[in-house]
Amino acid sequence: MRLQLALNVSDLDEAVAYYGELFNAKPHKRHPGYANFAIDRPPLKLVLFENPEAAERLNHLGVEAFAEAEVSDAEQRLRNAGILTEVQRNETCCHATQNKVWSSDPQGLRWEWYRILDDKPVESACSPRDSGEEDSCCA
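Let us look at the structure shown here. (Residues numbered from 1 in each chain as written. Predicted model: local features only at pLDDT ≥ 70, side-chain atom pairs only at ≥ 80, totals over all residues. Heavy atoms only, no water.)

1. A word on the sheet that holds strand β5 (residues 58–64)
Strand order in the open sheet formed by 8 strands is β2-β3-β4-β1-β5-β8-β7-β6, with mixed pairing between adjacent strands. For this open sheet the edge positions go to β2 (29–31) and β6 (86–93), each flanked by a neighbour on one side alone. Taken over all neighbouring pairs, the strand axes of this sheet differ in orientation by 20° on average, direction set aside. For β6 and strand β7 (residues 96–104), the ladder comprises 6 bridges, and the chain directions are antiparallel. Along β7, the bridge assignment pairs Gln 88 with Lys 100. (Pairing = 2+ DSSP bridges. Helix = DSSP H or I, 4+ residues; strand = E, 2+ residues; numbered from the N terminus. Axes fitted to C-alpha atoms, helices over the stretch in contact; angles between N-to-C directions.)

2. Observations regarding helix α1 (residues 12–23)
In this model α1 runs 16 Å from its N-terminal to its C-terminal C-alpha over 12 residues, within 8% of the 16 Å that 1.5 Å per residue would give. Looking at α1, one finds that the buried residues are Leu 12, Ala 15, Val 16, Tyr 19 and Gly 20. Viewed end-on, α1 has its buried residues packed into an arc of 130°, placing them on one side of the element. Projecting away from the buried face of α1 at angles above 90 degrees are the exposed residues Asp 13, Glu 14 and Glu 21. The inward-facing, buried residues of α1 contact β1 (2–9), β2, β3 (34–39) and β4 (44–50). Measuring from the backbone nitrogen of Asp 13 back to the side-chain oxygen at the start of α1 gives 3.1 Å, which picks out Asp 11 as the cap. Where α1 terminates, the next one or two residues include Asn 24, which has phi positive at roughly 50°. (Expected span 1.5 Å × (residues − 1). Buried < 20%, exposed > 50% of the residue type's maximum accessible area, 1.4 Å probe, protein only. Arc of directions from axis to C-beta. Contact = heavy atoms within 4.5 Å. Polar contact = N/O pair within 3.5 Å; in protein donor to acceptor, adjacent residues only side chain to side chain.)

3. Focus on the pattern of salt bridges
Per the stated rule, a full pass over the model turns up 9 salt bridges. Ionic pairing is found between Glu 86 and Arg 110, a salt bridge with its closest N-O pair at 3.5 Å. In this pair, Glu 86 sits in strand β6 while Arg 110 sits in strand β8 (residues 110–118), placing the two residues 24 residues apart along the sequence. There is no split in this pair, since Glu 86 and Arg 110 are both buried. Among the ionic pairs, Glu 112 bridges to Lys 100, the shortest N-O distance being 3.1 Å. Separated by 12 residues along the polypeptide, Glu 112 in strand β8 and Lys 100 in strand β7 bring together distant segments of the chain. Considered together, Glu 112 and Lys 100 belong to a single accessibility category, that of buried residues. Bridged by salt links that share partners, the residues Arg 2, Lys 45 and Glu 64 form one connected network. (Salt bridge = Lys/Arg side-chain N within 4 Å of Asp/Glu carboxyl O.)

What follows is the structure in structure tokens.
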């Protein structure tokens, strides 16, 4: 597993250049309004959404799982605790098809546990949303 940090940025090119230098890494994916870095050291999935109007810089947090059982375990644990807010199966968004489960902390910060099923799917119509919206694909 690795932690995911999803940020709203005002200028994607500027952010990609900065984080590329900060982590000595190249983007794993780059699309209009979207980029992500799959960083091994430290184990981090850094996701950047070009969203200059966002009220918050932090979009959401997550845990990228590499085995489906980890997502299933998280779903059951969150369900048992009464904090599971959404389950998505075979959802194509953020330029990947994923299984994921969501939970929101008491202040509304969204967390996802997810596993990528297809890293290069046919593109979906989903676009990034600001952190104030409840329902989300790309959050």
